Amino acid sequence: MEDRARRLEIEHDQRARLTAAAERSRVAREMHDIVGHNLSVMVGVADGAATLATNRNEQSAEALRILADTGRQAMSELRRVLGVLREGQDGTRMLSPQPGIRDLDALLARVGAAGLRVTYRTVGDLDSLSSGVQLTVYRIVQEALTNTLKHAGTGSAAEVTVTADVGMVRIRVADSGVPPGLPVGAVSGPRTGLDDSGHGLVGIRQRAAMYSGSVTIGPRETGHGWIVDVALDVPALSASGDHLP
């Protein structure tokens, strides 16, 4: 009985550790999606304003460049902090309302203010999707557009299409790539393959996996620009009975 009690105690401790690790990962993913996106928008706006100020020979150009560089540094620090959170600290459950399909309009407006031209199209009854699926769609679009701002910079364009069909939801975000004549330093570097090292692309795959989804991320067939194409397996397009990813 003592041996059995010890085994049960060990199993209970292991389950608690696994649960805590999963929650830390979820919180880190949410922080990356929210803070990382907003920082990318701020950097994009600052870069665009700096270019405009330079063309007009205004003194504010240097201050705007410093603002953009500070934003990039903050993004780098954010990734390091999230790495610590994923490894060893207890997470806290997020209790605030989570975004859904209707919040995409505000998201695209912020991205547009940063200088990214976005075309948005929907097919099917998206409002009938459960809250968990809607949050997943929102985060995937958010992260894909954040990557476009980071790698293609302001002045590029993106097409966002969300389709709801029987048993399936598809999210497609395709951008036009780095526009010609973009100032040096306005982007973080070219995308040269299926880079899963960042939290963003990993987060997209993790969210899709919760709905047995398929993910295609890479260069467009045209040879210019990038595409994120995600298909989610959603058996019941209902507004209840779903868990948040």
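Relevant structure appears above.
Residues numbered from 1 in each chain as written. Predicted model: local features only at pLDDT ≥ 70, side-chain atom pairs only at ≥ 80, totals over all residues. Heavy atoms only, no water.

Engineer: Summarise the overall build of the chain; cite the residues concerned and give the values.
Structural biologist: Helix and strand counts for the chain come out as five helices and five strands. Scored against the burial criterion, the 245 residues of the chain give a buried share of 40%. Partitioning the contacts of the chain with sequence separation of at least 6, the portion at a separation of at least 24 is 76%. Counting only carbon and sulfur atoms, one obtains 55% of the accessible surface of the chain, whose full area is about 13,300 Å². (Helix = DSSP H or I, 4+ residues; strand = E, 2+ residues; numbered from the N terminus. Buried < 20%, exposed > 50% of the residue type's maximum accessible area, 1.4 Å probe, protein only. Contact = heavy atoms within 4.5 Å. Areas by Shrake-Rupley, 256 points an atom, 1.4 Å probe, with all protein chains shown as cover.)

Engineer: Account for the environment of T222, with residues named and values stated.
Structural biologist: Mapped onto the elements, T222 comes out in the loop between β4 (214-219) and β5 (226-233). The exposure class of T222 is exposed, given its relative accessible area of 64%. With 46 residues separating them in the primary sequence, T222 and S176 have C-alpha atoms 9.8 Å apart.

Engineer: Outline the packing of helix α3 (residues 104-113) against helix α4 (residues 131-151), listing residues and values.
Structural biologist: For the pair α3 and α4, interaxial distance at closest approach is 11 Å and the crossing angle is 5°. What the angle tells us is that α3 and α4 run roughly parallel. Residue-level inspection shows L104, L107, L108, R110 and V111 of α3 in contact with α4, the latter providing V137, Y138, V141, Q142, L145 and L149. Taken together, the residues of the contact of α3 with α4 break down into nine nonpolar, one polar and one charged. (Axes fitted to C-alpha atoms, helices over the stretch in contact; angles between N-to-C directions. Parallel < 35°, antiparallel > 145°, perpendicular 65-115°, else oblique. Nonpolar A, V, L, I, M, F, W, Y, C, P; charged D, E, K, R; others polar.)

Engineer: How would you summarise α4 if you had to cite specific residues and measurements?
Structural biologist: Its 21 residues place the ends of α4 30 Å apart at the C-alpha level, agreeing with the 30 Å of an ideal helix rising 1.5 Å per residue. After α4 finishes, the residue G153 shows a positive phi value of roughly 80°. (Expected span 1.5 Å × (residues − 1).)

Engineer: Give a detailed account of α3, specifying residues and quantitative values.
Structural biologist: Every buried residue of α3 is listed here: L104, L107, L108 and V111. Relative to the axis of α3, the buried residues are bounded by an arc of 95° and lie together on one face. In α3, the exposed positions that point more than 90 degrees away from the buried face belong to D105 and A113. Phi for G115, located one or two positions after α3, is positive at around 110°. (Arc of directions from axis to C-beta.)

Engineer: I'd like a rundown of the sheet that holds strand β3 (residues 168-175), residues and numbers included.
Structural biologist: With respect to topology, five strands assemble into an open sheet ordered β1-β2-β3-β5-β4, the strand pairing being mixed. Bordering the open sheet on either side are β1 (117-123) and β4, each of which pairs with just one other strand. Recorded for the sheet is a direction-independent mean angle of 5° between the axes of neighbouring strands. Direction of pairing for β3 relative to β5: antiparallel, over a ladder of seven bridges. In the sheet register, R172 faces β5, and the bridge partner there is D229. This element, α4, spans β2 (157-165), β3 and β5 of the sheet and lies at about 10° to β3. (Pairing = 2+ DSSP bridges.)

Engineer: Tell me about the nonpolar core, and please be specific about residues and values.
Structural biologist: If you look at the biggest cluster of nonpolar residues, it comprises 35 residues, and the most contacted ones within it are V137, V141, L145, I171 and L232. Mapped by element, the contributors of at least two residues to this core are α3, α4, β2, β3, α5 (199-209) and β5. Among the elements that take part in this core, α4 stands out by supplying eight residues, more than any other. (Core = buried A, V, L, I, M, F, W, Y, C linked by side-chain atoms within 4.5 Å.)

Take it as geometry only, folks, not as evidence of what the structure does.
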